[in-house]
Every structure is written in C-alpha cells, then in structure tokens.
Amino acid sequence: MFWVNKAHAGNTFMPPQASNFAESVDTLYGFLYYSSLISCILVIGGLVYFAFKYKRKTASDKTAYIPHNALLEFLWSFIPFVIFLVVFAWGWKIFYDMRSAPKDALEIHVVGQKWNWDFVYKSGRKTSSEFTIPINTPIKLIMGSRDVLHSFFVPSFRVKQDVIPGRYTSLWFTATKEGNFNVFCTEYCGTGHSTMLAKVKVVSKAAYESWLENNPYKGLTLSEVGQKVYAGRCIACHNVTNVKKIGPGFAGLWGSERKLTDGSTVVADEAYIRESILNPNAKKSVGYEEAVMTSFQGQVSEEELTGVIEYLKTLK
Amino acid sequence: MSSAADKSKNYLNHEKGLWSWLTTLDHKRIGIMYMITVMLFFLIGGIFALLIRFELFSTGGQIVDADGYNRMMTFHGAIMVFMVIIPGIPAFLGNFFLPLHLGAKDVAFPKVNLMSWYCLIIGAAISFFSLFAEKVATGWTFYTPYSISETSNGAILLVLGAFVMGFSSILTGLNFVATTHRLRAPGMGFFQMPLFVWGLYSTAILQIIATPVLAITLLLLAAEKTMGIGFFDPKLGGDPVLFQHFFWFYSHPAVYIMILPAMGIISELITAFSRKVIFGYKAIAFSSVGIAAVSFFVWGHHMFVSGQSQVAGVIFSFLTMLVGVPTAIKTFNWVATMYKGSIQFQSPMLYAMGFLFLFTIGGVTGVMLAVMAVDVHFHDTYFVVAHFHYVMVGGTLMAIMGGIYYWFPKMFGKMYNEFMAQLSFLFIFVGFNVTFFPQFILGAQGMPRRYFDYLPAFEPLNRVSTVGSWLIAIGFLIGLYVIINGLLKGKKAPDNPWGAKTLEWQTSSPPPHTNFHEQPVVTGGPYEFR
Ligand SMILES: [Cu+2]
Ligand SMILES: [Cu+2]
C-alpha cells in the first residue's frame, strides 16, 4: 500500500523487517497508525477548536439546546463500526497465516527455562542462547518449558508465542534477511526475566549447510560428546579412574558427597559439576587446596558442558 | 431555600471526634474516609512508580537488584489497581454523590456501606502483609505456575486480599443498585438521572457479577496449594493457561469498573463547564450499560499468544471491536456537547479535556491491540504498558482529579486556589505525556515489559520517560498543596459555584447531615441549560 513501504517503517517506529510476516503486519499496523492519527486529529482538533471558539464571554451566555442528532449519531457509530470490522478481519487473516505452518518447514525444538533458551536440531545438535537458521526457508519452532511460563519474541520477525510447561506450542516464520536478531522472553518469569535473551543468526543456505556439516559432534550421543571433550581438554589433570591426578579422578565422582574447604559438603550433581567447570575456585574440595584449574567460562559450548556431565555419569 | 441558622450545621460538624467518623453511617463521611484511604494508597503506589522509573533511568542496576525491582513492580501494580483505581471513583466520589445526585438522604443500606469500608481496610492489610512480609514478586497478574511454584504462600494471600477488597466493591455495588432503584427523588425517572449515576449503576452491576469469580480463583489456588489438587500446575496435571482465563474473567470487567464511573464524571464536567445540555444523553447512558454487558465476553483479548485456540482468539477479537463502538460514541458525544457551548476553563474542565485528549490516544491504541496480528507483536511490550496507563491514568485518574476539584466546594464548603490547581494540571498533563508516550515507541521497537534491565538501544527513551515521571510527581505535590491549602484557608464556597444543574448543587455547601433541607422534586432532565 502506498503509505507504507520499507522506508516508511522507520516512521511508525517498528524494528527492521526480517521475516515473511513483517511486511504484512506493518502494512496493517500502518493502516491503523494513520487512521488513528486521523481520528485523534479529528477528536482532539475538534476539542481544541470548540474550546477556543466557544470560550465563555459573559457570565450570562446563553447556549444552544442540542440534545441529539440522529443522522450524526448514526454516522459516528456506523463508520467506526465498519473500520473496526475491517481491521478485525484483516488482523485475523494475517493471524491465520501465522498459525498455519507449511508442512515442509524445518523444525527446531526450543526449550525455555529459568533463564535461558535451548535449541535442539533434528540431527541432535544442541545450542544455547543462540541458534542458526537458513534464509528464505520456512522454520517451525516447537516449544516447551521446563518450569514456568515464558514467551518467545523476535521483534524483527513480528512473531511471539507463550511457552508453556506441560504442553507444546509452536510458531513459524521465514527469515528474509541475513544477520543476527534479538530474541526476548516476554512472559514474566522471575529474577532473570530481563536477561533471558537469545540471538537468532540468519545465514545463507550454503552457510547453514556447512554450519551443520562442521559439527564435530555430529551423530554422537551426549556422553560420547563428553568423552571427546574429556580426551581433548580434561585428560591432562583428571583420570577416568578414581585415582587422583592433579584434580580428582572422575570414576565414582558423580553423585558423591564432596567435602569442601569451608567445612560444608555438597553433592556432585549437575549444578555442582557445571559450576566446577565454569568457576572452579568457587567450591574447592578438601585435598585440592593447592590444585589450580582455570575457568572454562566461554571455552565450552552448552552442548559440550552437558556432554561432560553425561560422560561423568557413565564413569562408575 | 434554607435559613442561615440551618446552614451552620452540616455533615462535617454534625458529630465530633474520630470515633464518630469510624462508626458513621453517613454516606458523605464514609466517602471522605474512602478519599483519605485511597489518597494514602495512591501515595504509596506512586512512590513505587517513581522508584521503578528511577531504576530504569539507565541500563543495569541503579538502586535495587532484579528481585527488588520485581517486587517494586508488583507492589506498584497491585496497589494501584486493587487499592486505588478500583475503589477510587465508586467508593469515594460515588459514595458521596450518588445519593445527592438522586435527591436521597443516604444510600439504601448505610450499615453495609460502612462495612464495605472496613472490608477495604482489612483486604488492604492482608495485601500489604503479603507484599511486604511475604515479598511477593509475581506481578499484579500472579500468573501460574510461577505464582504457585514460589515457596511462599504470598500469592494466595495477595489474591485473598484482592478478594476481600473485591467484597468491599460487591457491597458498594449492591448498595448503589438498590439506592438507584429505590431512593430517587419524586419526579426522577431513569432518564432524569445524571450520567454519573448511569456510570456508577453499570459499574455496580459489574462489581456484583464479576468479583465472585475472583473468589472461585482463590479457592482453586488454595486447594491446589494445600491439598495438591491440580488445577493450574502442570506438575499436578493442571493447565496454567486456565488460570489466565479465570484471572481475566474478573480483571477485564475490572478494567471497566475502573473506567465507566470515570466516564460518568466526564459527562458531568463537560456539561457544567460548557453550560450546555449533554449531547446524546440516551446514547451515553445506554453505551455505559452496553459496555458493561459486552465486557464480560472479551477477556481472551489478553491471551492471543497464550496458547488459547485460534477460534477463541477470533471471537474475543471480534467482541473487543464491539466494545470499541460505544466507547467511541461517548467520546464523540462529549466533544459535540462543547459545540456552541459557553466554555469556562477552570481546573475541572481542564481535567475533562485532558481526559478526552489522553483517553482518545488510549482508545485508538486499544483498537490496535485488539487486532490479532498486530497484538502478536505488541503483546507484553511497553506498548501495552503505555496503552493501559493512557486509559487508567490518563482516563480514570484525570477524572478523579477533575471530580475532586469540581466537588471540592460541595464536599468541604470551601474554594481551592484555582491558579495553583491549573499549575498542578499542567505538570501532570505534560509529565504524563513525557512519561508514557515514549513507551509506545519503546514497545513498538520491541522492549518487553517487566524488564529490570534493557538493551542499550532503549536507554534514551527510557531516560525521557523517567524525567516525565518527575514532572508528574511535582504536579501531584502541587495538587496535594492545593487540597490542604483549600481545606485550611479556602474562601467560603457558595452553594453552586459553577452554575451546574444537578441536585447536589441545590443544597448547601457542605450539605447538612440529611443532605437536603427539604425534599427536592425533579421536573426535568439533569442538564437543562436553557
Ligand atoms: Cu521471562
Ligand atoms: Cu481486557
């Protein structure tokens, strides 16, 4: 439509258009925006005009006695009614498209939890806090939550859907622009709600293929991923037996009770292992006061981290 | 009409002492008690609003951490909705003026009326306890399962508090319905009633029918928490979205409990200060009732992306459009009333015009949010925050302020300082737009609501918004000064300073204990300016 084109999107304050829905939503929004503007100018303009024109002049002013006017009242009920019906139907049409994912869409599972987003591809590849998709390809996100309500919102794609524990919801879109786009959580979920962000990376189809191919862990189970990571990074300081090297041996570590240097004890569970990898000096075990381990924060992916945990579980 | 000796006796000096107030059955005194209570709650809610805006002045933590912010946001919302805006107009101005409008001596059940004030106090006490002692941080909507998975019972207490306060509004509603039917002055049919009464009457019906649903919700929540029966918690086999249906089945009509009486006040102000008969009396009266009726069937417009079925979404979107029509009609009627009037710009009229300005913006953005595909983008962003503040603050609060100034001479028999009142209006009106207009833009750009921290790109507009909140604060401080100064030093008010036609202006200022010196008889409509 003439009043909304891509250049105009900036004037109506919307974010960049980067999906198949963006333009049609913005066109409808543009219609609403300009008809609202006209309505406001009519009502507020009328108000201000009358206020000045009919300002009280003397204390004994006489006023006209106009209790109603059938034609006027009919018109200003009927015209808004028609406009409302139009935008209702128009909004429904686009909403219907938003809810009708093509059968051949590329499916990616999304899991929301306090307070980050995980993405699982058909190949088993897992990413966290960011995911990569090919441009001009219908994508369907099948979403669930591990704890409370969250909501998956990509402003540049104009899509949003609540994520609910205990059932699956989905949304779909086709990205039309390469680049990185923000994902926000828009359903209040507690302390980390405002930091529950993610990135969607839209790349060319070729780049997507090679990203998939280059997965070093392709076809591996999580504990196999962990084993590979171990062989590369942990083996220097940790045995797979229960014999101490620089750090503790891994066999039997999982689920055991660890005595800490501050006198407390902790069970070696997911949270503890994770912390020990990302922030090794936070909880030191008795007997390892002098051992030095550097933090792997930012060095390991979510998949690798989970892999190591799963691997540890297999070392009895 | 009445002798000077009569006039020295009024409801304020009829009895003396704090006890006489706490046990009073006089609707006017109960109204004043509501006024003081609600103003106090408004002050507390307002302080939290300022703290929230201050926290959002820059990215990162300024004064509190994320949990602290979430609590402040919960306090602000719960206090303003349940303790300020819902009881604000009906219980305070409605209580005081409904019987006066009708030419009655009091409401139909004065003891119930007093009891409803105590319900508000008890409910507020429970809510404050849950907020401050239990540190509830669920937002005022307390969505499950977040609200029940928290270890404390705070959320249930908060719902209990909201229900006890809701009970207060049921009692007030019953009283208003009975009073309107039974106690009208001789000669006053339904179509000779002032439009404020129509607004209050429609609101009363909403209060009576909608509030019990809150009780059911409370019962289900408590049963789930204590007996482990799964209604809302998926771990127990419940459905969290069901809670949203219950919540909005009460809370959407509650939105109209907040706005319908405000619309009533605006009808009074516009006619009085244009000195002109209202345009389309019946259209305004019936649209109040129409809005009340349809408002029960639109709750799902809060849930387009919640996972409810597409069919449900379509029906709710359509019905919401239907509510838009009577709302638009009212706005056009008010503007048309000013046509060929004799308009005087005193502060009540400024507030009425401020209402029209802000409510129009709140209304058109409301239509945008009712359009499904557009709501998908705006839902739970600052666009929604801006929209409902334009309706609730720009609408309801503007009407309360206008109403307070309009009826101040009648309530207290004194005039307030007009210049200072206008200055207060200026700060509030400008500050309001500076605070909330940028939030429409933030929302359109994608900034979600209830965020303790935000992306650097959103910072400039957040700063503007925070500065606006300071202007509003200055405006209300001046307003408080105007009220206190008027009470202490105000000039004596005449019986009818504005030349208005409704019955309350026929009695003395302030009115006597029994409202009228002699029973008024009605011979024409409420706005017969000829
Ligand atoms: Cu969240
Ligand atoms: Cu609603």
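**Here's the deal with the environment of Lys218(A)**
All names here are of chain A.
No. 1: One can find Lys218 in the loop between helix 3 (205-213) and helix 4 (222-234).
No. 2: It is 7.8 Å that separates the C-alpha atoms of Lys218 and Gly124, two residues lying 94 residues apart in sequence.
No. 3: Among all residues touching Lys218, those that are not within four sequence positions of it are Leu212 and Glu213.

**Some details on the coordination of the copper ion (ligand 1)**
All names here are of chain A.
No. 1: With distances of 2.1 to 2.6 Å, the protein atoms coordinating the copper ion (ligand 1) are Cys185 (SG), Glu187 (O), Cys189 (SG) and His193 (ND1).
No. 2: What the four donor atoms of the copper ion (ligand 1) show is an angle range of 88 to 128° at the metal, which sorts the shape as tetrahedral.
No. 3: Each donor residue of the copper ion (ligand 1) belongs to the same chain, with the gaps between them written as C-x1-E-x1-C-x3-H. Taken individually, Glu187 and Cys189 each receive the classification buried, so the pair is uniform in this respect.

**Some remarks on the coordination of the copper ion (ligand 2)**
No. 1: The copper ion (ligand 2) binds to the protein through His252(B) (ND1), His301(B) (NE2) and His302(B) (NE2), with metal-donor distances spanning 1.6 to 2.1 Å.
No. 2: On the basis of relative accessible area, His301(B) is assigned to the buried category, the value being 13%.

**Some details on the pairing of strand 10 (residues 198-203) of chain A**
Residue and element names in this part refer to chain A.
No. 1: Going residue by residue along strand 10, you find Ala198, Val200 and Val202 tucked away on one face and Lys199, Lys201 and Val203 left uncovered on the opposite face.
No. 2: Alignment of strand 4 (residues 130-134) against strand 10, held across five bridges, turns out to be parallel. Residue pairing in the sheet places Glu130 in a bridge with Lys199 of strand 10.
No. 3: Alignment of strand 9 (residues 179-185) against strand 10, held across five bridges, turns out to be antiparallel. By the bridge assignment for strand 10, Val183 is matched with Ala198.

**Concerning the layout of surface pockets**
Residues and elements named next belong to chain A.
No. 1: Size it by volume and the second largest pocket reaches roughly 630 Å³.
No. 2: As for the second largest pocket, its lining consists of 32 residues, and the residues nearest its centre are His238, Pro248, Ser276, Pro280 and Met293.
No. 3: Those elements that place two or more of their residues in the lining of the second largest pocket are helix 4, helix 5 (270-278) and helix 6 (302-314).
No. 4: Taken together, the residues of the lining of the second largest pocket break down into 21 nonpolar, six polar and five charged.

**Here we look at the packing of aromatic side chains**
Residues and elements named next belong to chain A.
No. 1: One pass over the full model with this rule turns up 80 aromatic pairs over all chains.
No. 2: Judged by centre distance (6.3 Å) and plane angle (40°), the rings of Phe153 and Phe184 are tilted. Of this pair, Phe153 sits in strand 6 (residues 150-154) while Phe184 sits in strand 9, placing them 31 residues apart in sequence.
No. 3: Under the relative-accessibility criterion, Phe153 is labelled buried at 0%.

**Quick look at the domain arrangement of chain A**
Residues and elements named next belong to chain A.
No. 1: The domain architecture assigned to chain A consists of domain 1 (1-7 + 14-54 + 101-219) and domain 2 (222-314).
No. 2: Computed from C-alpha atoms alone, the centre-to-centre distance between domain 1 and domain 2 is 37 Å.
No. 3: Counting the surface lost from both domain 1 and domain 2, the interface buries some 650 Å², and carbon and sulfur atoms represent 53% of this.
No. 4: When the buried area of domain 1 at its contact with domain 2 is split by residue, Lys126, Ser128 and Tyr217 rank highest and sum to 78% of it.
No. 5: Our count for the contact surface shared by domain 1 and domain 2 stands at zero salt bridges.

**Details of the sheet that holds strand 9 of chain A**
All names here are of chain A.
No. 1: On the basis of which strands lie adjacent, the open sheet formed by five strands has the order 4-10-9-6-7 and mixed pairing. Because the sheet does not close on itself, it has two edges, and the strands there are strand 4 and strand 7 (159-163). Neighbour to neighbour, the strand axes of the sheet diverge by 25° on average, direction disregarded.
No. 2: Examined bridge by bridge, strand 6 and strand 9 share two bridges and lie antiparallel to one another. Bridge pairing links Phe153 to Phe184 in strand 9.
No. 3: Contacts from helix 3 reach strand 4 and strand 10, with the element oriented near 130° to strand 4.

**A word on the nonpolar core**
No. 1: Core analysis: the biggest nonpolar cluster contains 245 residues, and Phe152(A), Phe82(B) and Phe355(B) have the highest contact counts within it.
No. 2: Among the elements that make up this core, the one with the highest residue count is helix 4 (residues 66-102) of chain B (23 residues).
No. 3: Sequence-distant contacts of Phe355(B), defined by excluding residues within four places in its chain, comprise Ile259(B), Ala262(B), Met263(B), Ile266(B), Trp334(B), Thr360(B), Gly394(B), Gly395(B), Met398(B) and Ala399(B).
No. 4: Listed in part, the 22 residues of the second largest apolar core include Phe250(A), Phe296(A), Leu305(A) and Tyr311(A).

**Notes on the confidence of the model for chain A**
No. 1: Chain-level statistics for chain A give a pLDDT mean of 87 and a share of 96% at 70 or above.
No. 2: Below a pLDDT of 50 lies the segment residues 1-10 of chain A, which in the model reaches 16 contacts outside its immediate sequence neighbourhood of four places, other chains included.

How each quantity is defined
Residues numbered from 1 in each chain as written. Chains lettered and ligands numbered in written order. Predicted model: local features only at pLDDT ≥ 70, side-chain atom pairs only at ≥ 80, totals over all residues. Heavy atoms only, no water. Helix = DSSP H or I, 4+ residues; strand = E, 2+ residues; numbered from the N terminus. Contact = heavy atoms within 4.5 Å. Donors = N, O, S within 2.8 Å, 3.2 Å for Na, K, Ca; no water. Tetrahedral: all angles 85-135°; square planar, octahedral: opposite > 155°, others 65-115°. Buried < 20%, exposed > 50% of the residue type's maximum accessible area, 1.4 Å probe, protein only. Pairing = 2+ DSSP bridges. 1 Å grid on protein atoms, 1.4 Å probe; cavity = no way out; pocket = protein on both sides within 12 Å on 5 of 7 lines; lining within 4 Å. Points joined across faces, edges and corners; volume = space filled by probe spheres on them. Nonpolar A, V, L, I, M, F, W, Y, C, P; charged D, E, K, R; others polar. Phe/Tyr/Trp six-rings, centres within 6.5 Å; stacked < 30°, edge-to-face > 60°. Domains from an automatic or database assignment. Buried area = accessible area lost by both parts, 1.4 Å probe. Salt bridge = Lys/Arg side-chain N within 4 Å of Asp/Glu carboxyl O. Axes fitted to C-alpha atoms, helices over the stretch in contact; angles between N-to-C directions. Core = buried A, V, L, I, M, F, W, Y, C linked by side-chain atoms within 4.5 Å. pLDDT = per-residue confidence, 0-100.

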